[in-house]
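# Tertiary structure, described
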Amino acid sequence: MAATEKTFYLETFGCQMNAHDSEKVVGTLISEGYRQVETVEEAGLVLYNTCSIRDKAEQKVFHRLADYKKLQKEGKKFGVLGCVAQQEGHKIFERAPHVSLVCGSASYWKLPGMLAQLDTDIIRDDRPRSSQLAADGLVRITGLDDRQTDKCFETEFTARTNPHRGYITIIEGCDKFCSYCVVPFTRGKERSRTSESVLAEAQRMADLGYTEIQLLGQNVNSYKDPAGKKSFAELLDAVGRVPGIRRVRFTTSHPRDFGKDIVDAIDSNQALCDHVHLPVQSGSTRMLDAMQRLYTRDQYLERISWMKAAKRDISITCDVIVGFPGETEHDFEETLSLLDEVQYDGVFAFKYSPRPNTPAIGLDDAIPDAEKSRRLNFLLERQRSIQQKRNQKHLGESVEVMVESRNEARAQWVGRTTQNKTLNFTSDRNLELGSYVPVRVTTAFPNSLVGELAI
Ligand code: SF4
């Protein structure tokens, strides 16, 4: 490494929003003259993009920072980004004094300036500091105070890792305040990008050869075009009409803001994928109320009925929380009966764990962990048989997949259907990654399909 070369290593945890934030951070650093390296050892700057959605996230971050510290050499700098950065703030400097930069996701737009400051020896932490912190001589920079910002982290320097499928964030933050969730506290209030800038980015990606776009947001369908030109459904349709774009996905949706116009858009535009992820969290209206989800079981099922009535065969997936405080056996059975009624194509189920700063942390009537595990396993087993049945209906069908990768060990190609199902298949021809081919489905498993090239 040349003496003056600026290098960085970035490790990312968490959801697709975090993964895409990291793509934007990487692009920003490269545009500022940094080079990305593969190991912590090689890097001058080590960044850790954190997630606080799961239990004990903070402890995991501090353990990781302690691991990094062992590698600390003179001049190496460490930064913490993402939700734990926002949540723990200045406490990170106290527990991990080798850290130089702490930046929440709502402040990433300031990164270029913060990176420039990192190269100085000025301590910029803006709170009264202990003498120990003042005396250690390290640069300390924080980006924590922008949760009320109107700015989105837009950059033309996004370094996308997949050459065929790319993410576009259309809305950041969340105004819903579900009682168990840290996101409104870590990512701030909702702010949307203009439809014009989203469409310009989609066009740029199409020009670069991308054929699939995934629109991202904590609540994509709460999208409000600041220029007032397009609703979410209209934006979805417009992205699907960008020349060169063959598939458009979106995640995550909130049932309260999920309008029938979204289903109508899917029905009328082939480029919009046949898949909707609509988190439900519980089948019990009583629990939904305790979770402050802002809809009832019946209102949720109404949205499902719109999708079931669509001309296209829309696959539906959801998130479920089991063991929320006060969840009775009857509430849990209501969740199971919802699964039976909807016949989901996939369910991401989690045991409830209390998160800092959330209203649910004060609720009593906690469910023992063993009981949460029992409910989770029971639910997953029930869902497994539903998915097996759902996937069996594809047997004999010829479906189009995007070729995503090659599994040499199994001598199979890995494809993805418009319904977001993994289809592993054989082909006697060599295929190009990112191409679209028809595949005949020959075997169905609960979590994947198997087939053979149909041309
Ligand atoms: S809708 Fe609820 S669960 Fe989703 S990000 Fe907002 S507060 Fe969290």
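See the structure printed just above.
Figured I'd write up the structure that's included with this text. (Residues numbered from 1 in each chain as written. Predicted model: local features only at pLDDT ≥ 70, side-chain atom pairs only at ≥ 80, totals over all residues. Heavy atoms only, no water.)

## Examining the site of the ligand
We apply this condition: Proximity is defined per residue: if any heavy atom of the residue lies within 4 Å of a molecule or strand, that residue is considered near it. Following the grouping adopted for this structure description, the nonpolar residues are Ala, Val, Leu, Ile, Met, Phe, Trp, Tyr, Cys and Pro, the charged ones are Asp, Glu, Lys and Arg, and the polar ones are all others, Gly among them.
Close to the ligand lie C174, K176, F177, C178, Y180, C181, V183, P184, Q218, N219, H254 and R293, which account for all nearby residues. The residue makeup of the shell around the ligand, split by class, is seven nonpolar, three polar and two charged.

## So, the state of the cysteines
What counts here: The criterion for a disulfide is a pair of cysteine sulfur atoms lying within 2.5 Å.
Counted by the stated rule, this structure contains zero disulfides. In this model C15 remains outside any disulfide bridge; the closest cysteine sulfur is found in C51, 6.1 Å from its own. Looking at the unpaired C273, the closest cysteine sulfur is the one in C318, lying at 19 Å.

## What about the nonpolar core?
Side chains that are nonpolar tend, in soluble globular proteins, to be buried together. Inclusion rule: Put simply, buried Ala, Val, Leu, Ile, Met, Phe, Trp, Tyr and Cys residues joined by side-chain atoms within 4.5 Å make one nonpolar core. Relative accessible area decides the class of each residue, using a 1.4 Å probe on protein chains only: under 20% of the type maximum gives buried, over 50% gives exposed, and in between gives partly exposed. By definition, any uninterrupted DSSP run of H or I lasting at least four residues is a helix, any uninterrupted run of E lasting at least two residues is a strand, and each is numbered from the N terminus. Contacts are residue-level and defined by heavy atoms, with any inter-residue pair within 4.5 Å sufficient.
Ranked by internal contacts, the top residues of the largest apolar core, which has 56 residues, are I170, L215, F250 and Y344. The biggest single contributor to this core is helix 9 (residues 232–240), with six residues. Those residues in contact with F250 that lie beyond four places of it in its chain are Q214, L215, V220, F232, L236, F258, I262, I266, H275 and V276. Counting 21 residues, the second largest nonpolar core, distinct from the first, contains Y9, F62, F93 and V99.

## Structural notes on the sheet that holds strand 4 (residues 77–81)
Within a beta sheet, neighbouring strands are joined by backbone hydrogen bonds and run either parallel or antiparallel to one another. Quick reminder of the rule: DSSP bridges decide pairing: two strands pair if at least two such bridges lie between them. Every axis corresponds to a line fitted to the C-alpha atoms, with the helix fit spanning only the stretch in contact, and the corresponding angles, defined between N-to-C directions, vary from 0 to 180 degrees.
Reading across from one edge, 2-1-3-4-5-6 is the order of the six strands in this open sheet, with parallel pairing throughout. What marks the edges here is a single partner per strand, and that holds for strand 2 (34–36) and strand 6 (141–143). Sheet twist, expressed as the average angle between the axes of neighbouring strands with direction ignored, equals 25 degrees. Note that strand 3 (residues 45–50) and strand 4 share five bridges and pair parallel.

## Observations regarding the environment of V84
Looking at where V84 falls in the secondary structure, it is placed in helix 3 (residues 82–88). When the C-alpha positions of V84 and S52 are compared, they lie 5.5 Å apart, and in sequence the two are 32 residues distant. Filtering out sequence-adjacent residues up to four positions away, V84 remains in contact with T50, C51, S52, A57, E58, V61, G89 and I92.

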